[in-house]
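Residue strings, one per chain:
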Amino acid sequence: MAVVCETPLARRGEILDLLPAPEALVPLLPEAELCFTAKALGLSESGWLLEHASQEQLVACLDLDAWSGLAPDPERLDAWLEALADAGEETLVRAGRNLDGELLVLLLRARAEVFLKPSEEGWSPPPGSHTLEGQFFLRARREGDDLSCLLQLLDALFREDYWLYFRLMQGATWELDSELEEWALRWRTDRLQELGFPPWEEAMQIYGFLRPEQRGEIPPGAEPLEVGAWRLPVWIPELPAAPDARHAILRAAAELGTEERRAFFFAFVALANKLAVADRLPLGDAESIPTAIEKAARVASLGLEQVAGANGLGELEVLRRVPVERLFRVGVSLDRGARPPVASTP
């Protein structure tokens, strides 16, 4: 998670429409930015955008927006599958090859029953079922469900990547949901870590309670402003650090030197990432960004003011000596209402 992008959501699609060569720009978009843009356009209107996306971008869109908590969301998966189908068969096949097989099997199983034709004679396909090769038959789990996009994906894979098609059909027939969900979550968690979003258990460490006697402490030997970096998933302008900023931590950050500000920037973004994960904010929604940033700044500012007052130091000196995550923990310990709701616990 990162700070608010300068381009409003409603304008992103208009700007991209004006570009003469979207195929050159779209692969350069940070992953979450592509997800936000597609949703701002409306997934039903974003096929042309996804057509030019890289395989990493396509996978990241579903990692960010097609999950609910720790489980895939079949409705969101359906919506993205329809958008990929609108992008054309090449994009659909490319996505099918790069998405986790476990995720696709879970979608297939959520939407359809899969039957394998037995070897004995006299067997009749279930009423209302579909088949591409006379061996596997699919039937919608709910009457009236439209399987056209799912069938379009399977048909394309059957022609372009038979072994992947066969693996999906076999998985839908024999594999256990619990194992599929475990592996799909594992792959997604690893990829999100590469974008700076840690696992929930790690993220919840920012809410570690500090006893009253610990809240004013300056940890010995701390090096709070070490420069770090990772591949950020959105466009990021400068942090809103200024002498007249609303929050104390941003006012203090405005006084840092250039390298110190850069180090603070990554530490603050890392804190916001953890907050977004711990609070179960939907990572695929652009509205989650200002929510995470605002809370991180407000609560860490409480901690900064507490430590500065307890030690008789200026806020700038405290910011240089105390990690921003520690300041957030101090702030949470002072304001128990800042803790995430109980529903956030898995």
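Conventions we followed
The written sequence of each chain sets the order in which its residues are numbered from 1. Totals for whole chains, interfaces and linings use all residues, but because this is a predicted model, local features are given only for residues with pLDDT of at least 70 and pairs of side-chain atoms are given and counted only at 80 or more. Side-chain metrics rest on all non-hydrogen atoms present in the structure, leaving aside hydrogens and water. Note on classification: 1.4 Å probe, protein chains only; a residue is buried when its accessible area is under 20% of the maximum for its type, exposed when over 50%, partly exposed between these limits. Helix and strand definitions follow DSSP, with helices as H or I runs of at least four residues and strands as E runs of at least two, each counted in order from the N terminus. By definition, two strands form a pair when at least two bridges between them are found by DSSP. Between the rings of Phe, Tyr and Trp (Trp by its six-membered ring), a pair exists once the centres lie within 6.5 Å; its type follows the angle of the planes, with under 30 degrees stacked, over 60 edge-to-face, and the other angles tilted. In this scheme, the term charge over a ring applies when either NZ of a lysine or CZ of an arginine sits within 6 Å of the ring centre and within 35 degrees of the ring normal. For every element, the axis is a line fit to its C-alpha atoms; helices are fit only across the contacting stretch, and the angle between N-to-C directions ranges from 0 to 180 degrees. Angle categories are assigned with fixed cut-offs, so that under 35 degrees is roughly parallel, over 145 is roughly antiparallel, 65 to 115 is roughly perpendicular, and the rest are oblique. Contacts are assigned to residue pairs that have any heavy atoms within 4.5 Å of one another. Under the convention adopted here, Pro, Cys and the residues Ala, Val, Leu, Ile, Met, Phe, Trp and Tyr are nonpolar, Asp, Glu, Lys and Arg are charged, and Gly plus all remaining residues are polar.

## Focus: the pairing of strand E5 (residues 136-140)
The buried count for E5 comes to four of five residues, which makes it a mostly enclosed element. Here strand E3 (residues 112-116) pairs with E5 via five bridges, running antiparallel. Paired with Val-114 across the two strands is Leu-138, which belongs to E5. Pairing between strand E4 (residues 130-131) and E5: two bridges, direction antiparallel. When the bridges of E5 are listed, Thr-131 appears paired with Phe-137. A loop of four residues connects E4 with E5, the two strands running antiparallel in sequence, and Gly-134 in this loop sits at a positive phi of about 80 degrees.

## Considerations on the packing of aromatic side chains
Here the structure, examined in full by the defined rule, presents 12 aromatic pairs. Taking the centre distance of 6.1 Å and the plane angle of 75 degrees together, the rings of Phe-136 and Phe-166 count as edge-to-face. Residue Phe-136 is found in strand E5, and its partner Phe-166 is found in helix H10 (residues 162-174); the two are separated by 30 residues along the sequence. Relative accessible area serves as the criterion here: at 4%, Phe-136 is assigned to the buried category. Ring plane angle 70 degrees and centroid distance 5.6 Å describe the contact between Tyr-162 and Trp-163, whose orientation is recorded as edge-to-face. A residue is classified by how much of its surface remains accessible, and Tyr-162, at 35% relative accessible area, is partly exposed. Among the residues examined, Trp-163 registers a relative accessible area of 65% and is labelled exposed. Among the aromatic residues, ring-to-ring pairing joins Phe-136, Phe-158, Tyr-162, Trp-163, Tyr-165 and Phe-166 into one connected group. Note that Arg-186 overlies the ring of Trp-183, its terminal NZ or CZ placed 4.2 Å from the centroid.

## Let's talk about the packing of helix H15 (residues 288-311) against helix H17 (residues 324-334)
Between H15 and H17, whose axes approach to 7 Å, the crossing angle comes to 85 degrees. When the interaxial angle is binned, H15 and H17 end up roughly perpendicular. Residues Lys-295, Ala-296, Val-299, Ala-300, Leu-302, Gly-303, Leu-304, Gln-306 and Val-307 of H15 lie in contact with H17, whose contacting residues are Val-324, Leu-327, Phe-328, Val-330, Gly-331, Val-332 and Leu-334. Each residue belonging to the contact of H15 with H17 can be placed in one class, and the counts come to 12 nonpolar, three polar and one charged.

## Examining the sheet that holds E3
Taken together, the three strands give an open sheet; going across it, the order is E3-E5-E4, and neighbouring strands pair in antiparallel fashion. Two strands lie at the open edges of the sheet, namely E3 and E4, each paired on one side alone. Set on the sheet, H10 makes contact with E3 and E5; between it and E5 the angle comes to about 60 degrees.

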